[in-house]
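# Structural features, examined
So the chains spell out like this:
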Amino acid sequence: MTTPAPVAGEGGVDAYAKLAELGLTLPKVVPPLASYVPAVQSGNYVYVSGQLPLVDGKLPKAGKVGAEVTGEEATEMARICGLNALAAIESLVGLGRLVKIVKLTGFVASAPGFTGQPAVVNGASNLFGDVFGEQGRHARSAVGVSELPLGAPVEVEVIAEVA
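What comes next is a walk through the structure.

### So, the pairing of strand E5 (residues 154-162)
Of the strand pairs in this sheet, strand E2 (residues 45-51) and E5 are connected by 5 bridges, and their pairing is antiparallel. Paired with Tyr-47 across the two strands is Ile-159, which belongs to E5. In this sheet, E5 lies alongside strand E3 (residues 98-109) in antiparallel orientation, the contact comprising 9 bridges. Note on E5: the bridge partner recorded for Gly-106 is Val-156.

What follows is the structure, encoded as structure tokens:
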């Protein structure tokens with residue numbers, strides 16, 4: 001696959017070069033676990049389905065954040081979710097067409113009393129900032145939930161603007 005040139009959107013960041021500089025490689029797109037597609041484009045927006053922190057098809061760790069999973073472990077898993085979201089965008093339209101990460105919603109499977117959801121979801125938010133700079137700044141929700149698919153501690157969905 002030919003790497004598309006970066007779009008001169010809000011900064012024209014070369015995401016491929018930045019990922020390489022950060023020592024990151026996009027994973028293969030995570031196959032859907034049910035009846036949906038990893039990402040869909042409508043107009044100038046790509047809507048990425050909820051991404052779990054799967055690595056080579058497996059969860060690094062299952063459980064609730066604040067019980068079986070530490071906040072630090074969950075933050076790293078949110079970063080993995082973010083990489084999986086970027087892989088979904090890449091497979092659909094190419095990161096070179098990305099103009100802006102618009103919205104990120106993070107779901108954190110939380111043990112009773114755990115209130116650190118924003119810090120956990122920073123794993124994905126900081127990844128987008130590291131890769132895209134100003135283009136990676138986004139609106140966001142960080143929500144505590146009782147359960148996620150496969151017992152995952154965190155799930156992230158993304159809306160991105162593309163050219």
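### Topic: the sheet that holds strand E4 (residues 139-145)
Strand order in the open sheet made by the 5 strands is E1-E2-E5-E3-E4, with mixed pairing throughout. If you trace the sheet from one side to the other, it starts and ends with strand E1 (39-42) and E4, each paired once. The mean angle between the axes of side-by-side strands here comes to 15 degrees, regardless of whether they run parallel or antiparallel. Of the strand pairs in this sheet, E1 and E2 are connected by 4 bridges, and their pairing is antiparallel. Within E2, the residue paired with Ala-39 across the bridge is Val-48. Together, E1, E2, E3 and E5 form the strand contacts of helix H2 (residues 71-92), whose direction differs from that of E5 by roughly 40 degrees. Strand contacts of helix H3 (residues 117-132): E3, E4 and E5, with the helix running at about 160 degrees to E3, the strand carrying the most contacts.

### A few points about the pattern of salt bridges
Applying the stated rule across the entire model yields 5 salt bridges. When the shortest N-O distance is used, the salt bridge between Glu-73 and Lys-61 registers 3.1 Å. Residue Glu-73 is located in helix H2, and its partner Lys-61 is located in the loop between E2 and H2; the two are separated by 12 residues in the primary sequence.

### Focus: unusual backbone geometry
Here the phi dihedral of Asp-56 falls at roughly 55 degrees; this positive angle occurs in a residue that is not glycine. Following the sequence through the fold, Asp-56 ends up in the loop between E2 and H2. For Leu-150, which is not glycine, the phi torsion reads 65 degrees and is therefore positive. Locating Leu-150 in the fold gives a position in the loop between E4 and E5. The exposure class of Leu-150 is exposed, given its relative accessible area of 55%.

Rules behind the numbers
- Residues numbered from 1 in each chain as written.
- Predicted model: local features only at pLDDT ≥ 70, side-chain atom pairs only at ≥ 80, totals over all residues.
- Heavy atoms only, no water.
- Pairing = 2+ DSSP bridges.
- Helix = DSSP H or I, 4+ residues; strand = E, 2+ residues; numbered from the N terminus.
- Axes fitted to C-alpha atoms, helices over the stretch in contact; angles between N-to-C directions.
- Contact = heavy atoms within 4.5 Å.
- Salt bridge = Lys/Arg side-chain N within 4 Å of Asp/Glu carboxyl O.
- Buried < 20%, exposed > 50% of the residue type's maximum accessible area, 1.4 Å probe, protein only.

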